Amino acid sequence: MAKTTPAKFVQEVRQETAKVTWPTRRETVVSTATVFVMAILAAIFFFLVDQLLSTGVRLVLGMGS
């Protein structure tokens, strides 16, 4: 395996970075907002399912009051 000098490595990294299609600011903001909204919706869903299951277990075990 050929050894790469640090200078050659940096040059190759810069060449590869130039090939990347970077997202626009708008795309980044929309993607970030979508992730936050979906995380909040998932948290609410799992909270409600947890509460429902907790109530069901309490009723089955006779500890519900």
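Preceding block: the structure.
Residues numbered from 1 in each chain as written. Predicted model: local features only at pLDDT ≥ 70, side-chain atom pairs only at ≥ 80, totals over all residues. Heavy atoms only, no water.

### Some thoughts on the packing of aromatic side chains
Reasoning step 1: Tallying each qualifying case throughout the model produces one aromatic pair.
Reasoning step 2: Look at Phe45 and Phe46: their rings are 5.2 Å apart centre to centre, the planes differ by 70°, and that puts the pair in the edge-to-face class.
Reasoning step 3: Residue class for Phe46 comes out exposed when judged on its relative accessible area of 55%. (Phe/Tyr/Trp six-rings, centres within 6.5 Å; stacked < 30°, edge-to-face > 60°. Buried < 20%, exposed > 50% of the residue type's maximum accessible area, 1.4 Å probe, protein only.)

### What to know about the pattern of salt bridges
Reasoning step 1: Taken as a whole, this structure holds one salt bridge when the rule is applied.
Reasoning step 2: Across the salt bridge formed by Lys19 and Glu16, the nearest N and O atoms sit 3.2 Å from each other. Placement of both Lys19 and Glu16 in helix α1 (residues 6–19) is noted, with a separation of three residues, approximately one turn of the helix.
Reasoning step 3: Take Glu16: its relative accessible area is 46%, and that puts it in the partly exposed class. (Salt bridge = Lys/Arg side-chain N within 4 Å of Asp/Glu carboxyl O. Helix = DSSP H or I, 4+ residues; strand = E, 2+ residues; numbered from the N terminus.)

### Examining helix α2 (residues 25–60)
Reasoning step 1: Taking 1.5 Å per residue, 36 residues should reach 52 Å; α2 reaches 52 Å between its end C-alpha atoms and fits that length.
Reasoning step 2: In the segment just after α2, Gly62 is the residue with positive phi, at about 75°. (Expected span 1.5 Å × (residues − 1).)

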